[in-house]
Amino acid sequence: MSHVEPPEALPHGLMSHLEGAVAAGVCSAAALGIVLAEGRRHVGWSGRLHAWRGPEGPNGWQPDPGPPLVASSLWDLASLTKPMAVTTLVCRELGRPDGPLQLDRPLGELLADARPQALAGATLAQLLGHASGAPAWRDFYAQTAALAARPTARAAEIRRLVLATALQQPAGQRAEYSDLGFMALGWALEATLGAPLDALFAERVAGPLGLRQSGFRRLGQPLSPADVCATEVWPSRCPDGLPLRGEVHDDNCAGLHGVAGHAGLFASLGDVLTWAEAWLRAARGDESGLLAPRAVGALIGQSAAPSTTWRLGWDTASAAGSSAGAGVSPSAFGHLGFTGTSVWIDPARGAAAVLLTNRVHPSREPHAPIKALRPVVHGAIWRWLAAVRSNR
């Protein structure tokens, strides 16, 4: 990866969106970064790392301000794990002409314990494009509660349940966003490449890109509270009333020791920007980086089912109401995370935007504020970028 120049501050108009979101209670912390194709970066953040505990007493949630947010603060990326870990690893392998992964290979050829199951016939492309026929989500964490004291057995049972889940429709018929498909993809990568998913990410993505503040956090791995943004006070996992911090928010991922294909990554804003820049450069034809433009084009240039905005590993902007905001180009691709994270990469505009919030702190409800914030912030970015380009 090329040398990263020191970032510049966000323009005041963009910072005001972060400050407003924190003040309005959308989240207790927010960070925004923009990287341009020429390498320049603009970053900013607002809020604190740990703001609430409870509910307890007559006043409900109790304030516990904690230290302010800093550049190196870590965020639970939630479903940004899908593109940052799984899709990037797949893309790297597709860039190797002799690699073991091909988009038309069915899961059953890659993963032995999938062979007797319904998902066995779904191809790599269909899994990446959310067209495997698997349902969106199942609460496997709750289903395996009796195995809570035996974490290895619990993880094995979740894996069995995922692979045994009946399909909702034949593979390739339509796209439905599915955590289960990406859980299976993570296991297929492990089987094919011969290492655990967290090790594969560290060695084949984080290492080459120079990401020093990114990785999966296995349950029980120590982490200073000053390093990470709080997520939810989730009653079933937070009996002390303190929020999750450094322990993955996603329950199913927690049942898998914190390492899964659909969730589990923690990272700083700067590292997510560096990764997004790698995709931006490759999508614009740069052959010198981690990803081969041909492989990137194969993923962002096709879908696995008709009538969908989903491409392979990435979403694209819908005609109306997209989180990408007004002014994004048709070539843009992106992804969201349940904890309040998102990335949009626009090769035509020559920029990538990363918005990180902990909108699930202290509670995942309501959903409406983050849905309203994302298109406003992204639309402002594309307008600002157009003004910058026109003034050159």
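Look up: the structure comes first, before these words.
Residues numbered from 1 in each chain as written. Predicted model: local features only at pLDDT ≥ 70, side-chain atom pairs only at ≥ 80, totals over all residues. Heavy atoms only, no water.

(A) Seen up close, the overall build of the protein chain. Within the protein chain one finds twelve helices and twelve strands. Relative to the 2.2 N^0.38 estimate, which gives 21 Å for 392 residues, the radius of gyration of the protein chain is 20 Å and therefore close to what a compact globule would have. Across its three principal axes, the protein chain shows a C-alpha extent of roughly 55 × 55 × 35 Å. Here the protein chain, with 392 residues, has 55% of them falling under the buried criterion. For the protein chain, the proportion of contacts with a sequence separation of at least 24, taken over those separated by at least 6, is 66%. Accessible surface for the protein chain amounts to roughly 15200 Å². Of this, 54% is attributable to carbon and sulfur atoms. (Helix = DSSP H or I, 4+ residues; strand = E, 2+ residues; numbered from the N terminus. Rg over C-alpha atoms; globule rule 2.2 N^0.38 Å. Buried < 20%, exposed > 50% of the residue type's maximum accessible area, 1.4 Å probe, protein only. Contact = heavy atoms within 4.5 Å. Areas by Shrake-Rupley, 256 points an atom, 1.4 Å probe, with all protein chains shown as cover.)

(B) Fine view of the sheet that holds strand β6 (residues 75-76). Judged by pairing direction, the sheet is antiparallel, and its three strands sit side by side in the order β6-β8-β7 without closing on themselves. Strands with a single pairing partner mark the edges of an open sheet, and in this sheet they are β6 and β7 (214-216). Across three bridges, β7 lies against strand β8 (residues 265-267) in antiparallel orientation. Opposite G215, over in β8, you have F266 as the bridge partner. In the packing of helix α2 (residues 81-94) onto the sheet, the strands contacted are β7 and β8, and the crossing angle to β8 comes to about 110 degrees. (Pairing = 2+ DSSP bridges. Axes fitted to C-alpha atoms, helices over the stretch in contact; angles between N-to-C directions.)

(C) Just the packing of aromatic side chains, in detail. Under the definition given, this model contains six aromatic pairs. For the ring pair W275 and W314, a centre distance of 5.7 Å and an interplane angle of 15 degrees mean the geometry is stacked. Of this pair, W275 sits in helix α10 (residues 269-283) while W314 sits in the loop between α11 (293-300) and β9 (315-316), placing them 39 residues apart in sequence. Assessed through its relative accessible area of 0%, W314 is described here as buried. Three or more aromatic residues link up through ring pairs in this structure, and these residues are W275, W279, W314 and F333. The ring of F338 is capped by R359, whose NZ or CZ atom sits 4.6 Å from the centre of that ring. (Phe/Tyr/Trp six-rings, centres within 6.5 Å; stacked < 30°, edge-to-face > 60°. Lys NZ or Arg CZ within 6 Å of the ring centre and 35° of its normal.)

(D) Quick look at the packing of α2 against helix α8 (residues 197-209). Closest axis-to-axis distance for the α2/α8 pair is 10 Å, and the angle between their directions is 70 degrees. With respect to α8, the element α2 is oriented roughly perpendicular. The crossing of α2 and α8 is left-handed. In this structure, α2 uses M84, A85, T88, L89, R92 and E93 to contact α8, whose residues at the interface are L197, L200, F201, R204, V205 and P208. The residue makeup of the contact of α2 with α8, split by class, is eight nonpolar, one polar and three charged. (Parallel < 35°, antiparallel > 145°, perpendicular 65-115°, else oblique. Left-handed = near helix turned anticlockwise from the far one by under 90°. Nonpolar A, V, L, I, M, F, W, Y, C, P; charged D, E, K, R; others polar.)

(E) Highlighting the sheet that holds strand β3 (residues 41-47). Read across the open sheet, the seven strands follow the order β1-β3-β2-β12-β11-β10-β9; overall the sheet is mixed. Looking at strand neighbours, the two that pair on one side only are β1 (8-9) and β9, the edges of this open sheet.

(F) Just the pattern of salt bridges, in detail. Counted by the stated rule, this structure contains 16 salt bridges. The partner of R40 in a salt bridge is E38, with the nearest N and O atoms 3.6 Å apart. Classification of E38 by relative accessible area gives partly exposed; the value is 39%. Residue E277 is joined to R41 by a salt bridge in which the shortest nitrogen-to-oxygen separation is 3.2 Å. Placement of the pair is E277 in helix α10 and R41 in strand β3, with a sequence separation of 236 residues. According to the relative accessible area criterion, R41 is buried, its value standing at 6%. A network of salt bridges, in which partner residues are shared, links R41, E277, R281 and D286. (Salt bridge = Lys/Arg side-chain N within 4 Å of Asp/Glu carboxyl O.)

(G) Local environment of the state of the cysteines. If you walk through the whole model with that rule in mind, you get zero disulfides. Unpaired in terms of disulfides, C229 finds its nearest cysteine sulfur in C27, a separation of 9.4 Å. (Disulfide = S-S within 2.5 Å.)

(H) Examining the environment of W310 more closely. Within the secondary structure, W310 sits in the loop between α11 and β9. With ten residues separating them in the primary sequence, W310 and I300 have C-alpha atoms 8.8 Å apart. The contact partners of W310, leaving out residues within four places of it in the chain, are G129, H130, Y177, S303, D315 and H335.

(I) Quick look at the side chain of S73. Inspection of the secondary structure assignment puts S73 in the loop between β5 (62-63) and β6. The exposure class assigned to S73 is buried, which follows from its relative accessible area of 1%. The contacts of S73, once residues within four sequence positions are left out, are L49, D227, C229, A267, S268 and L269.

(J) Seen up close, α11. Regarding α11, the residues found buried are P293, A295, V296, L299 and I300. Axial view of α11: buried residues confined to an arc of 160 degrees, hence all on one face. Buried residues along α11 sit in contact with α2, α4 (124-128), α10 and β10 (333-337). (Arc of directions from axis to C-beta.)

(K) Spotlight on the environment of C238. Examined against the element boundaries, C238 turns out to sit in the loop between β7 and α9 (251-254). In the structure, C238 is positioned 32 residues away from G270 in sequence and 30 Å away in space, judged by C-alpha atoms.

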